[in-house]
Amino acid sequence: MNRKRSILAYEDALRYIPGGVNSPVRALKSVGETPLFIKKANKETLTDIEGNRFTDFCMSWGTGILGHAFPTVVQAAKHAVAMGSSYGIPTLRETELARLIVDKMESIRKVRFVNSGTEAVMSAIRLARGFTGRDVIVKFDGCYHGHADHLLVSAGSGAATLGASSSAGVPGAFVSCTVSLPYNDAEAVDELFKTRGREIAAIIVEPVAANMGVVLPEKDFLQHLRDVSAEYGALLIFDEVITGFRLNVGGAQQLYCVTPDLTTLGKIVGGGYPAAAFGGRDDIMALLAPDGPVYQAGTLSGNPVAMAAGIATMNELFSVNYHTKLNARADKFNAALKAIVYDQDVTVNHTGSMFTIFFSAYKVRSFADAKLCNQERFGRFFRYMLAHNIYISPSQFEANFISSAHSKRELSRFLNTVKDFFKSETQHNTNI
Ligand SMILES: *Cc1c(COP(=O)(O)O)cnc(C)c1O
């Protein structure tokens, strides 16, 4: 495959942009590649500046649940942008999208829009601290909650791929207010709360982890977090930036029947435009400025183009059986995938339309398990898929996503290419 133009574009980008990218994982460093430069995308297909086509299983990290450039979303955004792209003054669309969210997510009684998942989480945490008058936040190893200072402790995702579990430039005092525990470890939670329970403002968790690869919560783990936090007067925050509107309309909280106090949303909620949100209990949200003492603001928050795209997206997702159909197709796909990998020292974790292929023979139920994966082999797998025009999420510690635009043909092509990859490995080994 000719990727000369992307390589030149990368060299050019490196002159002006640190690392040539505006978000680290895009550099494809951990998989031994250089970035693709994309010209356009439609449905499940990316086209790079050379005209190469790739079937996309990253989908802008789960943002594109309807597929790229979904017609009604494009129409809504076009219509909105022609009427002015930002006013810094309220619009009807903000209330409309807020109502759609409040109607579907029972735990969210009030919601505020921001521009990114990072901002949503940062604001929710400030709110939790303001509400409880406490400082300590509990998170879980391998869960990623954006790049706010106090959350870059044992963060998964890009931070994990770069081999830095934390970041330079984060004051020690901030980190000392964050405790990170192993995911799915209810006992560790109990122990911490027994000694420091009354200092803890909130537990924040990805109810289904996606930033150490897909890791499901074990039976009762989320309910346990609910019970312990309530007992000690701490809040429970579900970071549903990935899972919100992905697994179903009500989020992972609906699927697992656990009600958090606050929820963060992102990725899908802006329909592919920069928007995210946080919301929850009335009495907590009432503390936000201008009504309360917890300050939070944003020039582009509730941006009219992003709101229009978000509303158009919700209208599709809320149509009858949308998730039932998508999840059924994804389940079938994952069953076929699991059958292909069963004797390959590989573990597939999946729920709904998100999945990760871990290059490890062991069960993956925590970040420690995920880190046992053979990353070199994952790198070979990524490069093999790319060479066969399939773009998967470029890290062992990320989820892959199926959109409702993924055709049966492309799903089978993915499965066949995976099969061929394992064959190519065997041939390679025999040659040696
Ligand atoms: C992507 C993500 C974030 C951060 O969102 P950005 O829009 O990238 O700032 C936060 N939490 C989770 C669970 C995410 O997946």
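For the structure, check the block above.
Below is a short write-up of the structure. Computed from a predicted model, the values in this text were never measured in an experiment.

Cut-offs used in this document
- Residues numbered from 1 in each chain as written.
- Predicted model: local features only at pLDDT ≥ 70, side-chain atom pairs only at ≥ 80, totals over all residues.
- Heavy atoms only, no water.
- Helix = DSSP H or I, 4+ residues; strand = E, 2+ residues; numbered from the N terminus.
- Rg over C-alpha atoms; globule rule 2.2 N^0.38 Å.
- Buried < 20%, exposed > 50% of the residue type's maximum accessible area, 1.4 Å probe, protein only.
- Contact = heavy atoms within 4.5 Å.
- Lys, Arg positive; Asp, Glu negative; His and termini not counted.
- Charge placed at Lys NZ, Arg CZ, Asp CG, Glu CD.
- Arc of directions from axis to C-beta.
- Patch = residues over 30% accessible without salt bridge, like charges linked within 9 Å, V, L, I, M, F, W, Y side chains within 5 Å.
- Areas by Shrake-Rupley, 256 points an atom, 1.4 Å probe, with all protein chains shown as cover.
- Salt bridge = Lys/Arg side-chain N within 4 Å of Asp/Glu carboxyl O.
- Near = heavy atom within 4 Å.
- Polar contact = N/O pair within 3.5 Å; in protein donor to acceptor, adjacent residues only side chain to side chain.
- Nonpolar A, V, L, I, M, F, W, Y, C, P; charged D, E, K, R; others polar.
- Phe/Tyr/Trp six-rings, centres within 6.5 Å; stacked < 30°, edge-to-face > 60°.
- Lys NZ or Arg CZ within 6 Å of the ring centre and 35° of its normal.
- 1 Å grid on protein atoms, 1.4 Å probe; cavity = no way out; pocket = protein on both sides within 12 Å on 5 of 7 lines; lining within 4 Å.
- Points joined across faces, edges and corners; volume = space filled by probe spheres on them.
- Pairing = 2+ DSSP bridges.

1. Details of the overall build of the protein chain
Then step 1. Helix and strand counts for the protein chain come out as 16 helices and 14 strands.
Then step 2. For 432 residues, the compact-globule estimate of 2.2 N^0.38 gives 22 Å, and the C-alpha radius of gyration of the protein chain, at 21 Å, lies within 12% of that figure.
Then step 3. Each principal axis of the C-alpha distribution contributes one length, and for the protein chain these read about 65 × 55 × 45 Å.
Then step 4. Across the 432 residues that make up the protein chain, the buried fraction comes to 56%.
Then step 5. Look at the contacts in the protein chain between residues 6 or more apart in sequence, and 72% of them connect residues 24 or more apart.
Then step 6. Looking at charge distribution, the protein chain has the averaged site of its 44 positive side-chain charges lying 7 Å from that of its 41 negative ones.

2. What to know about helix H3 (residues 71–81)
Then step 1. Among all positions in H3, only Val73, Ala76, Ala77 and Ala80 are buried. For H3, the angular spread of the buried residues around the axis is 95°, confining them to a single face. For H3, the exposed residues set more than 90 degrees away from the buried face come down to Pro71, Lys78 and His79.

3. Some words on a nonpolar patch on the surface
Then step 1. Taken together, Met83, Tyr87 and Ile89 make up a surface patch of nonpolar side chains, about 320 Å² in accessible area.
Then step 2. When you line up the elements, Met83 lands in the loop between H3 and helix H4 (92–104).
Then step 3. Residue Met83 is classed as partly exposed on the basis of its relative accessible area of 45%.

4. Let's talk about the site of the ligand
Then step 1. Taken together, Ser116, Gly117, Thr118, Tyr144, His145, Gly146, Glu206, Asn211, Asp239, Val241, Ile242 and Lys267 form the complete shell of residues around the ligand.
Then step 2. The separation between an oxygen atom of the ligand and a polar side-chain atom of Lys267 is 2.7 Å.
Then step 3. Bound to the protein, the ligand loses 82% of the 380 Å² it would expose on its own.
Then step 4. Taken together, the residues of the shell around the ligand break down into three nonpolar, six polar and three charged.

5. What to know about the packing of aromatic side chains
Then step 1. If you walk through the whole model with that rule in mind, you get 20 aromatic pairs.
Then step 2. Taking 6.3 Å as the distance between ring centres and 20° as the angle between the ring planes, the aromatic pair formed by Phe57 and Phe333 counts as stacked. One end of the pair, Phe57, is in the loop between strand E3 (53–56) and helix H2 (59–62); the other, Phe333, is in helix H13 (residues 322–341), and 276 residues separate them in sequence. Here Phe57 and Phe333 have matching classes, each one buried.
Then step 3. Of the aromatic side chains, those joined through ring pairs into one cluster are Phe359, Phe378, Phe381, Tyr384, Phe421 and Phe422.
Then step 4. Over the face of the ring belonging to Phe318 we find Lys104, whose NZ or CZ atom lies 4.8 Å from the ring centre.

6. Quick word on empty space enclosed by the protein
Then step 1. For the structure shown, the criterion picks out one cavity of 30 Å³ or more.
Then step 2. Its volume calculated, the largest cavity comes out at about 40 Å³.
Then step 3. Thr356, Ile357, Phe378, Phe381, Ile392, Ser395, Gln396, Glu398 and Asn400 are the residues that line the largest cavity.
Then step 4. Every element with two or more residues in the lining of the largest cavity is listed here: strand E12 (354–358) and helix H15 (375–387).
Then step 5. Looking at side-chain class alone, the lining of the largest cavity contains four nonpolar, four polar and one charged residues.

7. So, the pairing of strand E10 (residues 276–280)
Then step 1. Burial within E10 is extensive, with five of its five residues counted as buried.
Then step 2. Both faces of E10 are covered, namely the face carrying Ala276, Phe278 and Gly280 and the face carrying Ala277 and Gly279.
Then step 3. As defined by bridge partners, strand E4 (residues 110–114) adjoins E10 across five bridges and the pair is classed as antiparallel. Pairing of Val111 across the sheet is with Gly279, part of E10.
Then step 4. In this sheet, E10 lies alongside strand E9 (residues 262–265) in antiparallel orientation, the contact comprising four bridges.

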